[in-house]
Each structure stands twice: as structure tokens, then as C-alpha cells.
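# Structural characterization, general
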Amino acid sequence: MFKKVSKKAMDIIEENTKKTKATLKTHEVSEILSISSGTALLTGLSDVKMDEMLLFPGNVSGMVQTLSEESVGIVFLDNPDHLKAGDKATRTNRILDVPVSNSLLGRVIDPVGKPLDGKGVISSKERRPIEREAYAIMDRAPVDQPLQTGLKAIDSFTPIGKGQRELILGDRQTGKTAIALDTIINQKDTGVISIYCAIGQQAASVARVIADLKKYNVMQNCIVVVASGEDQAGMQYIAPYAATTIGEFFMEQGKDVLIVYDDLTNHARAYRQMSLLLRRPPGREAFPGDIFYIHSRLLERSTHLTKKLGGGSLTALPIVSTEAGNISAYIPTNIISITDGQIYLSSSLFQKGTMPAIDTGRSVSRVGGDAQLPAYRSLVGPLKLFYSQFEELESFSKFGTQMDKETQDRLNRGRAIRLVMEQRQFQPMKVTDQIAILMATNEGLFDGLDNEKSKKAQEIISSLMSTDFRDVSLAILKRQKLDEATKQKMLTTFEKALKREKVI
């Protein structure tokens, strides 16, 4: 009887064993050797990868940044104050990634995708690595579509095209973020998705930006990625890469994306802090030798894709802070050499009340001119010529030198152009209105007008473009050139209206 029961039991055990698919799960665990100011050195982990996420006690995450035979250097993404030498670290076998989905629109998140707006967890079926290779040359299409900022001084003198990288630089408090914010607000009804990436900014400053985006009803088409000044240096370092990965998700759907990095000076400082603590060799201004590479591999991801790949675009507006107007400093010159042009904001113009405080002599767009609307392009040449001559003549006029009528006329025209280019924040202007106003400026209708009359004249011309010349506005937007007869008709109508309103 015992033998029969035993055999039966053995058969059951054998049958259940065959049905059971047991797998052995292993976890590679290490110890903290030393820890200091947001970085740590670990032992072991012979198979760990660069940028891999590690988990520490208290749900603290870190990212691998240096690999050597003796140790592994990591930077923390969360506050590691409670950690100490000897604490365990566990591999996740996962390269640092970020969630990507349409549900990110209208949300405020940190660089690893955690919500910061109190609206609950973000639903996403896909995650992508924050570090991705830039598209190959043959996958890129020429920059031939304009990205309108709504600012006359930029859309005329330093235009931006979809897929371009245009640097905004200047001293502190000269209006860099204001220009980027106006550009985002101007995309309200264009279908362009905007991403604002705050790097090392004060929490109060970021809160103001978010409040302005909500106030002007553009937040639903925006994503805000925040690594504030209170966050770990590692979190500030990964922020722009995570924001770019999110932007690429929408670009690959055939959409146009605008991304603002505010700012890359703080990003460079965060990387310097990480590198010095990880004992990497310092170079110029104590920055590590690969500081140029980390920004070039970021900005090279901005592009305009070919139609075969959907035709989407990713336009980058990196912001860089200068000190005492020194654009030849290390980080500004690095990023100037990577980007397709720069918009330089002058502190002296800002102090004089010129808004936006753009120094046209130091600002340039290397590809945006090819993307300008044909009607706009024909106006830019005379405007730039007059304005550059005006700036030279104005410096001589300060000595009280007697000038002939032609020189005086050029000064009047230059002052008129400067007044027309002035524009307060949150007052973007439609491109068709800009073209009409600049056409009238070229004709001399704004010569001799003071600030108030110049503003009133602009309002009158804008009103006429939406009533009497609606068909002309549509033709401009369809990239049609304006014939001379149409131009003369418009100028005659503008002049009559300005005289009727006693502006001129």
C-alpha cells in the first residue's frame, strides 16, 4: 500500500513540476563607497551601463555617469541626504527614460516624468531614453517655413524658421525669457506645440511663466519641464535632454514643435558641478573638456524632417546669460558656434526703455531669411540699410555737428524704424500687420512721429488690414508676392486714413 501511494505521489509531483515554469531572478547589488553633494562612488557593478538608473534606500534614484575598473560614479536625481556610505544600490537594467504621450499636453512635469501640477499621474504606454541620436543628414529637409514670433524686431531682422536653432543671449534681466514667452504665446492658433524647459530657475520665476501661459490660453498646447534651482545638479543636467525627447515624439507625428531651454548657462554649471565632484579633469573656467559636446549633441536634435518621415520640425530657442555683455565668454561662444544664429539683447538699450532690447548689429539669423514670406523679404533690405546707417549717424549727431537735409532725413527715418520696432510684452502682432506697417515705414509715413502717434498709426494700419485688405492678407499668408499696384493702393489708403485721423 505504501509503495502504491508513494508512486502516485511521485507522479503528481513530477506532473506539477513539468507544468511549473520557475525562473531565477537575480539582482545586482552594490554598496556606496563615498557620498558627496549629490554624487557618490559605488563598488562593483561590472556590467552596469552609462546613464543607467540605480535605486537606493528611500526610493532615491541615481544615474551612472562615470565607469572605471575600481568604482562607478553616479549622480543623484533625488535628495540623498539620508544616505550614507555602506548603503545598498540596486541595478534597474533601465537606461534613464521619460514617458511620451499626448496626455503630456497642458502638464507640468519634472525631467523623469513625475507630475508637478497636482493633476494626477500621467498616463503613457511608451517611454523613451532621454539620450537619443540626432537624425542623419539625409533625413533632414531645408528650413523653408517661418516660425513667427509676433515681434517685429525679430520677424524682420532676425527671422526664425521651423527646425532652426536660434540662440537668445544677453545679461540678466534684459528680457530673454520675455521674448521666448511671447514666441510661445504667438503659436496659440498655429498648431505648434511648445515646450518650456526651466533649468536651474527660481521656483517663483517658473510659476510666473506658467501663470502667463494660462492667462493667455496657450497652456493646453504646452508642456513645462521643470528642474528648479532647488533640485539636484543631476536633475538639472538631464532636463533639456528629457524635454527634447518629448519634443521628438510629437515631431515624429508630423507636428511642429518649439522648445525653449531656459537656460543653458545653468545647465553648463550643473554639469561642471557634477564633473568636478566626480573628479573629472577640469578645463577652461573649470568646465570639463566635453562641455561643448553635451550642448552640441542636444541642439543637433533640432531639425526639420523630410516629408518621407512626416515633415515635422523641432525648433530650439536656447537661452544663455552673459556677464557685462561679454559674448566672447566660454559658454556663449560655444553655443553661438553650434546654433544657426543669435538674438543679442543689450543692457544699455534695455536701460533706455527700448523693448525688446535687441542689438540688431550683433544679432543674426543664418537660415531664417530663406523661410521668410516673400512679401516680408522684399522689405527687409531697405529697413536694415536705413537702420544701420542711422545707428552710425546718430553717434555723430551727438557731437552737435551740423547736418544737411539728406542726413537729417536719414536720422528721422532711423528713429521712425526704432519706434516701430518697439513692442511691449504680451502684444504679439500678426505677420500681415507687420508687413503693412513696415511697408508704410519704408515709404516714410512714420517719419517724425512721436511714440504715441506711432502706436496710433500702427493700430490704424492693422485695422485696415483686417477690413479693407483682407484678401491681401490671405495672399501674403499663401506666400504670394505683392505687385506694385497693390502696394501703391495700400500705401495710398494708409496715408489717407492717417491724415483723416490727424496722425500725420
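Residues numbered from 1 in each chain as written. Predicted model: local features only at pLDDT ≥ 70, side-chain atom pairs only at ≥ 80, totals over all residues. Heavy atoms only, no water.

### Things to note about the sheet that holds strand β6 (residues 88-95)
Pairing between the strands of a sheet comes from backbone hydrogen bonds, and it takes one of two forms, parallel or antiparallel. Strand order in the closed barrel made by the 6 strands is β1-β2-β5-β4-β3-β6, with antiparallel pairing throughout. Neighbouring strand axes in the sheet, compared pairwise and without regard to direction, differ in orientation by 45° on average. Relative to strand β2 (residues 39-42), strand β1 (residues 29-36) runs antiparallel, the two being bridged by 4 bridges. Residue S36 lies in a different strand from β2, and its bridge partner there is T39. (Pairing = 2+ DSSP bridges. Helix = DSSP H or I, 4+ residues; strand = E, 2+ residues; numbered from the N terminus. Axes fitted to C-alpha atoms, helices over the stretch in contact; angles between N-to-C directions.)

### A closer look at unusual backbone geometry
Cis peptide bonds are those with omega within 30 degrees of zero, and the linkage from D262 to D263 qualifies with -5°. Residues M355 and P356 are joined by a peptide bond in cis, for which omega reads -10°. Residue placement: P356 occurs in the loop between α9 (347-351) and β16 (364-365). For S37, which is not a glycine, the phi torsion comes out positive at approximately 45°. Residue placement: S37 occurs in the loop between β1 and β2. Unlike most non-glycine residues, K502 shows phi in positive territory, near 60°. Among the structural elements, K502 can be located in the segment after α16 (484-500).

### A look at the sheet that holds strand β13 (residues 256-262)
Strand order in the open sheet made by the 8 strands is β8-β12-β11-β13-β14-β10-β15-β16, with mixed pairing throughout. At either margin of the open sheet sits one strand with a lone partner, and together these are β8 (108-109) and β16. In the packing of helix α6 (residues 264-277) onto the sheet, the strands contacted are β11 (193-199), β13 and β14 (313-321), and the crossing angle to β14 comes to about 75°. (Contact = heavy atoms within 4.5 Å.)

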